[in-house]
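Spelled out from the first residue to the last, the chains are:
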Amino acid sequence: MRSAVVIGFDRPLEIQDRPVPEPGPGQVQVRVQACGLCHTDIHAAHGDWPVKPTPPFVPGHEGVGVVTAVGEGVTHRAVGDRVAIAWLGHACGHCDHCVSGWETLCEEQQNSGYSVDGAFAEYAVADADYVVPVPDQVASFEAAPLTCAGVTTYKAIKVAGITPGERVAVFGIGGLGHLAVQYARLVGAEVIAVDLADEKLELARKLGADHTVDAATTDPVRAIADLGGADVAVALAVTPRAFEQAFASLRRGGRLVCVALPPESAGPMHLPIFDTVLSGISVIGSIVGTREDLAEVFRLHALGRTRVIAESRKLEDVNECIDDVLHARTAARLVFEF
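Residues numbered from 1 in each chain as written. Predicted model: local features only at pLDDT ≥ 70, side-chain atom pairs only at ≥ 80, totals over all residues. Heavy atoms only, no water.

## Examining a nonpolar patch on the surface
What counts here: For patch building, the residue pool is restricted to those with more than 30% relative accessible area and no salt bridge; the joining distance is 9 Å between like charges and 5 Å between nonpolar side chains (Val, Leu, Ile, Met, Phe, Trp, Tyr). Using a 1.4 Å probe, the Shrake-Rupley method yields the accessible areas, and only the shown protein chains count as cover for residues. Whenever a carboxyl oxygen of Asp or Glu lies within 4 Å of a side-chain nitrogen of Lys or Arg, that contact is scored as a salt bridge. Here a strand is any run of E in DSSP of at least two residues, a helix any run of H or I of at least four, and the numbering for each starts at the N terminus.
A surface patch of nonpolar side chains, about 340 Å² in accessible area, is lined by W102, L105, L261 and I287. Relative to the elements of secondary structure, W102 occurs in the loop between α2 (96-99) and β7 (110-111).

This is the structure:
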């Protein structure tokens, strides 16, 4: 099978012919139809984060395809099922996080395309318990970005506890941000989209943003203050400066939801203690979503409540695609189709 392989953090990905992996006990083999390119895949390929994957490995955690074989003991998935391979590839299932509905915080988790091989390949194996069925009404091409970009921003909007009429600022309109705008609208928020690129702001307007702020020419903190301040700011841009601006845009009692993960070299986020305490600000970390969250994301899309903006690409062009993402030359998500 063709696969895109990270062979070193300072080297381009390499397209290799590898043996098709066979499913072990409790696993399924999936013929991949589509897989999105997430910024996390780029961080993985470059070794940007403190806990690094071990080359060689295959990235990809927005994989969607059809089950072609099942391993020993698998009875709840069958050949022909269409499933999604998400970031949460495996969790222990018995720690307090897992049993309380926070499986994404499990300390024994395995992550697709990071600690185990992912879906930048024609075939992948995955834990049968952690693949998520894809409804017939959702095309594989659109299901792929929903598998991470969708569920990550959906969860961020969930944990923010937004009530109808609250003002939500989304910092960074791209693969994640274009979906965050839509989920915020679904819960009745007044949405402010913040980005540096005119085309991203135009996309946000088309998707229903009530206000847009061009952070390349305007101070977003001042612009949002002029609108009354944000009740919630969702930080999706991969720079600490954007996180700090998101914090500063909040009105009293506001909530900062931290989602994006900048490279370790970008440095820390600085928050003022007095402003945080005296203004009653909450700072919330939100990491992807659970299997149930992803099932809800798929159901909403099947009902026509969301739109996925994505471009089709070939796996052979993976390095050019990474360059396009890093230089903001994409409207939203890039998706490899097989």
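## Notes on the packing of aromatic side chains
Heads up, the rule is: Stacked, edge-to-face and tilted labels apply to pairs of Phe, Tyr and Trp rings (six-membered ring for Trp) whose centres lie within 6.5 Å, assigned for plane angles under 30 degrees, over 60, and everything in between, in that order. Classification of residues uses two cut-offs on accessible area relative to the type maximum, computed with a 1.4 Å probe and protein chains only: under 20% is buried, over 50% is exposed, and between them is partly exposed. The criterion for a charge sitting over a ring is simple: Lys NZ or Arg CZ within 6 Å of the ring centre, and within 35 degrees of the ring normal.
One pass over the full model with this rule turns up 4 aromatic pairs. Here the aromatic rings of F120 and F336 are separated by 5.2 Å at their centres, their planes lie at 80°, and the arrangement is edge-to-face. Of this pair, F120 sits in the loop between β7 and β8 (123-127) while F336 sits in strand β17 (residues 333-337), and the two are 216 residues apart along the sequence. A single burial state applies to F120 and to F336, both of which are buried. Members of the aromatic cluster, connected to one another through ring pairs, are W49, W87 and Y114. A cation over an aromatic ring shows up here: K155 above the ring of W102, its NZ or CZ 4.5 Å from the ring centre.

## Side note on unusual backbone geometry
Look at the link from P55 to P56: it is a cis peptide, with omega at -5°. Residue position: P56 is located in the loop between α1 (39-46) and β4 (63-70). Look at V288: it is not a glycine, yet its phi comes out positive at around 40°. Along the polypeptide, V288 turns up in the loop between β15 (282-285) and α9 (291-302). A residue is classified by how much of its surface remains accessible, and V288, at 9% relative accessible area, is buried. The phi angle at A328 is positive, at roughly 55°, despite the residue not being glycine. Mapped onto the elements of the fold, A328 is located in the loop between α10 (318-326) and β17.

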